[in-house]
Amino acid sequence: MVRRRLSHPLVAVFGAALLTIPWLGLHTVFGADLQTGVTVALSGIAVLGASFLLAWGAETAEADVPRAFALAILAVLAVAPEYAVDALYAWEAGINPGSPESAEAASLAVANMTGANRILIGIGWSAIALFTVVRARKTGDEAVESRPGFLADVVRLDRGISTEILFLFLATMFAFFVPLGAGIGAFDMFVLVGLYVVYILAALNAPHEHEEQIGVPAYLQSYPRMKRIATTLTLFIFSGIVILVAVEPFAHGLEELGTSVGIPPFLMIQWVAPLASESPELIVVAYLVNKARSTAGFNALISSKLNQWTLLIGTLVLVYSLSLGSYGPLPLDNHQAGELWLTAAQSYFAIAILITFSISVREALALLGLFFAQFIYSVTGMALTLPIPGLGAVTFDGATSLIGFSVIYLVVGTALFVARRKELMAVARLSIRRVRGDYTTGETTVAAED
């Protein structure tokens, strides 16, 4: 009897909620002044519990809204702390414009944003693909296909991500031009936020695909509709609040631990803080993969990348202008322009991989390897020498290595796009039809095509 009660799905829900209580109670409610190590531990445990609640909420929501829309909401909530951190720096940049402090804050806002985006693809996409292949041996995930050759196994993705791929491609191509202006301005906000609004409308119009659930989501989906919707909203709101109040102290606690051992603050803000703020979404995706739902996991990752690459960049100028008291573009220095170009180039390469609706072990390792290579070069100031046609060997060092790695991503990505030009056109046609609300392809439905 006791074992049966402990196996009830609601026990898991209450267990995840309990993980958030120590942090909410000691810090948020009672305002206890905790040591850095304790802060990192308790806030990290709270993020873990909230991530499970968020995942269950998203899976339960699939009974009432299109899966693409449910995953888009999940993505926004999971990366909400990243918005909070960037908004803080953008606000500080507008307080005393023209001062060294303002320039540093603006630089940190862009650094945090670009670091988060590159981590999401370089570590998130690649690690989850590798984890999916490894876990498939136990989960029997049908999305994983064994192919002959060295590291040739692939994770096959649902064609439903064609819409995300199209909008991510458009946002990426536009991002190459952002550093050419006076900074991140109103036109950039209009284009990037507009792209995301159109994407959300397309996601809302997607067909309702109900996937059989197990465990907690299956139990919650058995509720009557109004009770189910109320439960879903409660899970979304509660987990979103916990993530907002826990991830920033978690990230800053890690920063303090890093600086205490001699790691520069800039490095912590660009890399460690974003890695911490991305943790809820990576936990959610790992959970989905562990349930043999790798397609939903990748949909969530790609949706997260899209909303960070559109909303996150686009809203920086809004926060900066509100702090400034009048309109003004968020200034970019040469280093941050290079960071934006490198982030756009990495996104370009990643899209070239996904246009086949699959990612192989080799491709995942390429994403991971290139990410760590540019990370090492950028933080150590090592020199990078590349053979440039017509110029011979050109050496990039320090900040200019950002341009060198951008060239690598662009060359390899363009080669893939050329080799996969038929797939590119097919993705474009399918995406445009989906945006228009046409979910048929000739005489067959997209569902059958998937």
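Residues numbered from 1 in each chain as written. Predicted model: local features only at pLDDT ≥ 70, side-chain atom pairs only at ≥ 80, totals over all residues. Heavy atoms only, no water.

Asks: For this particular structure, what's the right way to read the overall build of the protein chain?
Replies: Check the secondary structure of the protein chain and you find 18 helices and seven strands. Counting all 450 residues of the protein chain, 51% fall into the buried class. Contacts in the protein chain between residues far apart in sequence, at least 24 positions, make up 78% of those at least 6 positions apart. For the protein chain, the exposed surface amounts to about 19200 Å²; the carbon and sulfur share of it is 68%. (Helix = DSSP H or I, 4+ residues; strand = E, 2+ residues; numbered from the N terminus. Buried < 20%, exposed > 50% of the residue type's maximum accessible area, 1.4 Å probe, protein only. Contact = heavy atoms within 4.5 Å. Areas by Shrake-Rupley, 256 points an atom, 1.4 Å probe, with all protein chains shown as cover.)

Asks: For this particular structure, what's the right way to read the sheet that holds strand β1 (residues 144–145)?
Replies: Sheet architecture is open: three strands sit in the order β1-β2-β3, paired in antiparallel fashion. What marks the edges here is a single partner per strand, and that holds for β1 and β3 (358–360). (Pairing = 2+ DSSP bridges.)

Asks: I keep staring at helix α14 (residues 334–354) and nothing clicks. Help me out?
Replies: Along an α-helix, residues three or four apart share an orientation, since each turn contains 3.6 residues. Here α14 contains 21 residues, and its C-alpha end-to-end distance of 31 Å stays within 8% of the 30 Å for a straight helix at 1.5 Å per residue. Of all the 21 residues making up α14, 18 are buried; the element is thus mostly covered by neighbouring parts of the structure. N-capping of α14 is provided by Asp333, with a side-chain oxygen placed 3.2 Å from the backbone N of His335. (Expected span 1.5 Å × (residues − 1). Polar contact = N/O pair within 3.5 Å; in protein donor to acceptor, adjacent residues only side chain to side chain.)

Asks: Before we go on, may I ask you to explain the packing of aromatic side chains in this structure?
Replies: We describe a pair of aromatic rings using the distance from one ring centre to the other and the angle between the two ring planes. A full pass over the atoms with the stated rule returns 13 aromatic pairs. With 6.3 Å between their ring centres and 15 degrees between their planes, Phe371 and Phe375 make a pair best called stacked. Here Phe371 pairs with Phe375, and both are found in helix α15 (residues 361–380), just four residues apart, close to one helical turn. Assessed through its relative accessible area of 3%, Phe371 is described here as buried. Grouped by ring-pair contacts, the aromatic residues Phe169, Phe176, Tyr348 and Phe417 constitute a single cluster. (Phe/Tyr/Trp six-rings, centres within 6.5 Å; stacked < 30°, edge-to-face > 60°.)

Asks: I would appreciate a short explanation of the environment of Lys138 in the present structure.
Replies: Its place among the elements puts Lys138 in helix α6 (residues 100–139). Taking the relative accessible area as the measure of exposure, Lys138 reaches 70% and is therefore exposed. For the pair Lys138 and Asn290, spaced 152 residues apart in the sequence, the C-alpha separation amounts to 9.1 Å.

Asks: What am I meant to see in the packing of helix α8 (residues 186–204) against helix α13 (residues 294–324) here?
Replies: Their axes nearest at 8 Å, the elements α8 and α13 cross at an angle of 145 degrees. For the crossing formed where α8 meets α13, the hand is left-handed. Residues Ala186, Met189, Leu192, Val193, Tyr196 and Tyr199 of α8 form the contact with α13, whose own contacting residues are Ser303, Leu306, Asn307, Trp309, Thr310, Leu311, Ile313, Gly314, Thr315, Val317 and Leu318. (Axes fitted to C-alpha atoms, helices over the stretch in contact; angles between N-to-C directions. Left-handed = near helix turned anticlockwise from the far one by under 90°.)

Asks: Which parts of the structure should I look at to understand the pattern of salt bridges?
Replies: Pairing is possible between side chains of opposite charge, provided their charged atoms come close. Evaluation of the coordinates by the stated rule reveals four salt bridges. Ionic contacts of the salt-bridge type, sharing partners, join the residues Glu145, Arg147 and Arg156 into one network. (Salt bridge = Lys/Arg side-chain N within 4 Å of Asp/Glu carboxyl O.)

Asks: For this particular structure, what's the right way to read the side chain of Thr60?
Replies: Within the secondary structure, Thr60 is located in helix α3 (residues 36–61). A distance of 2.7 Å separates a polar atom in the side chain of Thr60 from the backbone oxygen of Trp56. In contact with Thr60, not counting residues within four places along its chain, are Pro217, Leu220, Gln221, Arg228 and Thr232.

Asks: What's the story with the nonpolar core in this structure? I'm lost.
Replies: The nonpolar side chains of a soluble globular protein tend to be buried with one another. Core analysis: the biggest nonpolar cluster contains 76 residues, and Trp125, Trp309 and Ile359 have the highest contact counts within it. When residues in this core are grouped by element, the largest group, twelve residues, is from α13. In this structure, Ile359 is in contact with Ala129, Asp153, Val154, Val155, Phe298, Ile353, Leu354, Ala364 and Leu367, ignoring residues within four places of it in sequence. (Core = buried A, V, L, I, M, F, W, Y, C linked by side-chain atoms within 4.5 Å.)

Asks: For this particular structure, what's the right way to read the confidence of the model for the protein chain?
Replies: Low-confidence regions, as indicated by low pLDDT, have predicted coordinates that should not be scrutinised in detail. Residues of the protein chain with pLDDT of at least 70 account for 84%, and the chain-wide mean is 80. Of all helices and strands in the protein chain, the one with the weakest mean pLDDT is helix α18 (residues 446–449) (36), whereas α14 scores best (92). Note on residues 441–450: pLDDT is under 50 here. Beyond four places in sequence and across chains, it has 16 contacts. (pLDDT = per-residue confidence, 0-100.)

Asks: Honestly, a nonpolar patch on the surface in this entry has me stumped. Any pointers?
Replies: A cluster of nonpolar side chains, contributed by Trp91, Ile95, Leu318 and Leu322, occupies part of the molecular surface with about 430 Å² of accessible area. Within the residue set of the nonpolar patch, elements represented by two or more residues are α5 (80–95) and α13. In this fold, Trp91 is placed in helix α5. The exposure class of Trp91 is partly exposed, given its relative accessible area of 41%. (Patch = residues over 30% accessible without salt bridge, like charges linked within 9 Å, V, L, I, M, F, W, Y side chains within 5 Å.)

Asks: So what exactly am I meant to see when it comes to the packing of helix α7 (residues 162–175) against α8 here?
Replies: The relative placement of two packed helices is expressed as an angle between their axes plus a distance between the axes. α8 packs onto α7 with a crossing angle of 175 degrees between their chain directions and a minimal axis gap of 10 Å. Overall, the two elements α7 and α8 adopt an arrangement that is roughly antiparallel. Listed contacts from α8 to Thr163, Glu164, Phe167, Leu170, Ala171 and Phe174 of α7 are Phe187, Asp188, Val191, Leu192, Leu195, Val198, Tyr199 and Ala202. Considering only residue class, the contact of α7 with α8 consists of eleven nonpolar, one polar and two charged. (Parallel < 35°, antiparallel > 145°, perpendicular 65-115°, else oblique. Nonpolar A, V, L, I, M, F, W, Y, C, P; charged D, E, K, R; others polar.)

Asks: When you look at the environment of Ala286 in this model, what are you seeing that I'm missing?
Replies: Looking at the secondary structure, you find Ala286 in helix α12 (residues 279–290). Discounting chain neighbours no more than four positions away, the residues touching Ala286 are Ile128 and Phe131.

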